Amino acid sequence: MSRTEASSTERFRVEVHQWLTEVLPTLPDRPPRDDWTAQRAFDSVWQRTMYDGGYAGLGLPEKYGGRPASIAEQFAFLEECARAGAPPHGCNLVGITHAAPTILTEASEELRQRLIPPILRGEEIWCQGFSETEAGSDLAALRCSAVQDGDHYVINGHKIWTTHGHVADWCELLVRTDPTAPRHKGITYLALPMHLDGITVRPIRTLAGEREYSQVTFDNVRCPVNLRVGEENNGWHVAMVTFAHERGATFIYDLIRAQQAVNRLADNARQVVRAEGSAWDDAGVRRDIGRVAAQLDGMWALTRRAISDAATGHGPGAEASVAKLFGTETLQRLGDVAIKVFGPAALTLDNLPGLCNGDFVHERLVDTRSTIAGGTSQVQRNIIAERLLGLPRESA
Amino acid sequence: MTTLTGQETAALQESIRRLAAQHFDRAGVRESADPQSLDRTSWRALCDIGVVGMLAPASRGGLELGLRAAVDVWEECGYGLITGPMTWSALGATRLDGVSQGDTVVTGLHDSRGQLVAEHLDAADRLVILGDGIDIYDVADIDYAQMHPLDPLTPVALVNRLGQPERIGDNQDALQWSLRGACLTAASLVGATRLAIDTARSHVLARTQFGRLIGSFQSVKHLLADMAVGAEVASAAVSQAAQALDADDPDARRYVSSAKVLAGDAASLAARSSIQLHGGMGYTWEADPHLVWKRIIVWDNAFGDAETNAQLVAHCLGDNRP
């Protein structure tokens, strides 16, 4: 990064920091985790607050409600939000991080005008309709079908692991439009309104006791053809664009929250009473906590390297897989160490007096999904082996 | 302190690769089970391209470069498995004459407590010990016993009795040497990690079993992927630590310890896995993988091993929020 770029990023960072100190106290209280109506309402208020502050759609064109911002500035915004304890995207995650950037480059101008501004204002919520029970890691095996009838597609089939399906207004939907073509060439990407007749949404209870994912069934759902994103049967290409954005900047928020968490864990360890002294008095505990903290420092170093590579136009490639694999497994290790540190206190999801045990345990339960979603750790290892090391692909 | 451009770094790395091929090619160790003492001609060749004097002032024949430049060079030397007390001599060159040029060889110990097992003592002129200051000993006055080494390319000796030290630095100086030594050694470990990966990768792309390259089996691919991830993370962490040291960043101590942990862990996984991926050949003296494994154990022990540094990182937590 040049010196002028570095100082303009610093000015931006100071501006963001100041804005956060002003707006964060104005937000309503965080809603309970399992009240999704309240979650959606809260997340919309936060998204609207970012929009009013001029921070929604960083890197998106102003004509859709966005604002020009370099990669470094986008990272700086997320970094400052994380440090200040600003809320995460929540229900706006799919819309902001996948749908809007995909629609920007792949959809018609008419669709861009219709779909992007309400995402940035927090008015419309998106879900992702990609995976099916028989098409997880092998997404190209998807079977949800769309048959053209006049100026509509008639959709039949199902999706699973539909993030925020039960509160969404729109769905990024992958459907099979040509069953006779080779698998990757018969898929189409639709922007599906979730309030159409024939759509049934059933939330799934996860091992963390939450319901962020749903099963969705489509029974003769009629979707206008002009809601297609990109060309018919070119949906796989559009999905790849979405995947690239999925592995984008948002992990920096999680990374900083994790660094804050490991500091809290060190403090908590001093409060955990054991037979002989505190948990912190145990050298093994200190080593475990220190090792995870070192791994988080490593993730931070990787992130800084990725930012400066992006600034010089060097694209992500397999490095994104390295970051996803190492980052998600490190966050799980942090949770595993915490569970060991807390001992009996890890058996309850309620925080005991003076401890954050419940928060850590809940977080570890939720983090279980991150080595599975967005490309499993096994798929990431395949990508690293094939693209970074040049090893042969799987033979049929 | 000066820095190197990308081109200058690349040129220096190329010189090191040529040097490694010419002077440090490991042919001697393959043919003989005897421990290999430091070859003074090879050591001078290393000094001649400026490696040992990288951090030293011009008045002592040095290049006055910072850690950021040095870690790229140390990584390349690690990849070449270059032998000799490079890190101790590079530190020594900042305070003593004749070291940059290769006339005086310096080795050291990062702690005065515990067993004093020193590398390359048989070839060294001076022994440095870090404690509450930097103490330097004349090797001629030291009573030591040469031991049978784990790493045939790193001779080691047990110190029985030291002579009289000359104190050349206080406890702050000792800390700075300790941090720089750990950072450089972490860079060496990253280089050795990359060597282990490249060697294993070449093997699995050549070896056929069950009618296909063993590199196409998922278990092999995933093991190599984990090795590669370790190398990438450690490499970024070493650069981060080096930059922090050069900038006198308050986080430098922690970043150095983090880098030492990550580099030690990455090297350990890569070196052991590389042996495994070579199958029966990996178990032989003649093949290289055991040399990498033994060297990374030497380097992990230098300037505090991964476990010790993990604790040091832990001690930076809690009161210092990021």
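Residues numbered from 1 in each chain as written. Chains lettered and ligands numbered in written order. Predicted model: local features only at pLDDT ≥ 70, side-chain atom pairs only at ≥ 80, totals over all residues. Heavy atoms only, no water.

**Student:** Please explain the sheet that holds strand β6 (residues 156–161) of chain B as it appears in this structure.
**Tutor:** Hydrogen bonds along the backbone pair up the strands of a sheet, which may run parallel or antiparallel. All names here are of chain B. Taking strand neighbours across the sheet as the criterion, the three strands line up as β2-β6-β5 in an open arrangement whose pairing is antiparallel. Edge positions in the sheet fall to β2 (117–119) and β5 (143–147), since each has one partner strand and no second. On average, adjacent strands in this sheet sit at an angle of 35 degrees to one another, irrespective of strand direction. Note: β5 against β6, five bridges, orientation antiparallel. Opposite Q146, over in β6, you have A157 as the bridge partner. (Pairing = 2+ DSSP bridges. Helix = DSSP H or I, 4+ residues; strand = E, 2+ residues; numbered from the N terminus. Axes fitted to C-alpha atoms, helices over the stretch in contact; angles between N-to-C directions.)

**Student:** Before we go on, may I ask you to explain the sheet that holds strand β7 (residues 166–169) of chain B in this structure?
**Tutor:** Residues and elements named next belong to chain B. Pairing within the open sheet is mixed, and its four strands lie in the order β1-β3-β4-β7. Strands at the two margins of the open sheet, each flanked by one partner only, are β1 (106–109) and β7. When the angles between neighbouring strand axes are averaged without regard to direction, this sheet yields 30 degrees. Looking at chain direction, strand β4 (residues 134–138) and β7 are connected through three bridges and run antiparallel. By the bridge assignment for β7, I136 is matched with E166. In this fold helix α6 (residues 171–204) packs onto β3 (126–130), β4 and β7, with an angle of close to 105 degrees to the strand it touches most, β3. (Contact = heavy atoms within 4.5 Å.)

**Student:** Before we go on, may I ask you to explain the state of the cysteines in this structure?
**Tutor:** A covalent bond between the sulfur atoms of two cysteines is referred to as a disulfide. Residue and element names in this part refer to chain A. Inspection of every chain in the model, using the stated rule, returns zero disulfides over all chains. The closest cysteine sulfur to the non-disulfide-bonded C144 is located on C171, 8.9 Å from its own sulfur. The class for C144 is buried, based on a relative accessible area of 2%. C171 carries a free sulfur, and the closest cysteine sulfur to it, the one in C127, is 3.7 Å from it. For C171, a relative accessible area of 2% translates into the label buried. (Disulfide = S-S within 2.5 Å. Buried < 20%, exposed > 50% of the residue type's maximum accessible area, 1.4 Å probe, protein only.)

**Student:** When you look at the pattern of salt bridges in this model, what are you seeing that I'm missing?
**Tutor:** Pairing of side chains with opposite charge becomes possible as their charged atoms draw close. Residues and elements named next belong to chain A. Summed over all chains, the structure comprises 47 salt bridges over all chains. D52 is the salt-bridge partner of R48, the closest N and O atoms lying 3.2 Å from each other. With R48 and D52 both in helix α2 (residues 36–53), this residue pair falls four residues apart, about one helical turn. For D52, a relative accessible area of 55% translates into the label exposed. One connected set of salt bridges, linked through shared partners, spans E10, R13, E79, E80 and R83. (Salt bridge = Lys/Arg side-chain N within 4 Å of Asp/Glu carboxyl O.)

**Student:** I'm lost on α2(A) in this one. Help?
**Tutor:** In an α-helix, one turn spans 3.6 residues; hence positions three or four apart end up facing the same way. Residues and elements named next belong to chain A. The terminal C-alpha atoms of α2 lie 25 Å apart, and with 18 residues this matches the ideal 26 Å at 1.5 Å per residue to within 8%. Residues W36, Q39, F42, D43, S44, W46, Q47, T49 and M50 constitute the buried set of α2. Residues of α2 that are buried in the fold lie against α1 (3–23), α3 (71–84), α4 (93–106) and α5 (109–120). (Expected span 1.5 Å × (residues − 1).)

**Student:** What exactly am I supposed to notice about the interface of chain B and chain A here?
**Tutor:** How big an interface is tends to be stated in terms of the accessible area lost upon association of its parts. Taken together, the contact pairs 41 residues of chain B with 43 residues of chain A. Between chain B and chain A lies a buried interface of about 3,600 Å² when both sides are counted; carbon and sulfur atoms form 58% of it. Remark: the boundary between chain B and chain A carries seven salt bridges. For the salt bridge of R287(A) with E307(B), the shortest nitrogen-to-oxygen distance reads 3.3 Å. Across the contact surface, chain B and chain A share 20 residue pairs in polar contact (both at pLDDT 80 or more). Those elements that place two or more of their residues in the side of chain B that touches chain A are α6, β9 (212–213), α7 (218–246), α8 (252–277) and α10 (306–314) of chain B. With 15 residues, α7(B) is the largest single contributor of residues to the side of chain B that touches chain A. Counted by class, the side of chain B that touches chain A contains 20 nonpolar, 12 polar and nine charged residues. (Buried area = accessible area lost by both parts, 1.4 Å probe. Polar contact = N/O pair within 3.5 Å; in protein donor to acceptor, adjacent residues only side chain to side chain. Nonpolar A, V, L, I, M, F, W, Y, C, P; charged D, E, K, R; others polar.)

**Student:** It is not clear to me how α8(B) should be interpreted in this structure. Could you clarify?
**Tutor:** All names here are of chain B. The first and last C-alpha atoms of α8 sit 36 Å apart over 26 residues, in line with the 38 Å expected at 1.5 Å per residue. Within α8, 20 of the 26 residues are buried, which leaves it mostly tucked inside the rest of the structure. Downstream of α8 by a residue or two, G279 has a phi angle that is positive, lying close to 60 degrees.

**Student:** Would you explain the environment of R114(A) in this entry?
**Tutor:** Structurally, R114(A) is set in helix α5. Separated by 77 residues in sequence, R114(A) and T37(A) have C-alpha atoms that sit 24 Å apart.

**Student:** Sorry, what's going on with the confidence of the model for chain B here?
**Tutor:** Regions with low pLDDT carry predicted coordinates that are not meant to be interpreted in detail. Of all residues in chain B, 99% have pLDDT values of 70 or greater, and the mean over the chain is 95. In the model output, the complex is listed with pTM 0.93 alongside ipTM 0.91. (pLDDT = per-residue confidence, 0-100.)

**Student:** Help me understand the packing of α3(A) against helix α8 (residues 283–311) of chain A, please; the structure alone is not making it clear to me.
**Tutor:** The angle between the axes and the distance between the axes are what describe a pair of packed helices. Residues and elements named next belong to chain A. Between α3 and α8, the shortest axis-to-axis distance is 9 Å and the interhelical angle comes to 150 degrees. By the angle between their axes, α3 is roughly antiparallel relative to α8. Along its contact with α3, which presents I71, A72, F75, E79 and R83, the element α8 presents W300, T303, I307 and A310. Tallied by class, residues from the contact of α3 with α8 come to six nonpolar, one polar and two charged. (Parallel < 35°, antiparallel > 145°, perpendicular 65-115°, else oblique.)

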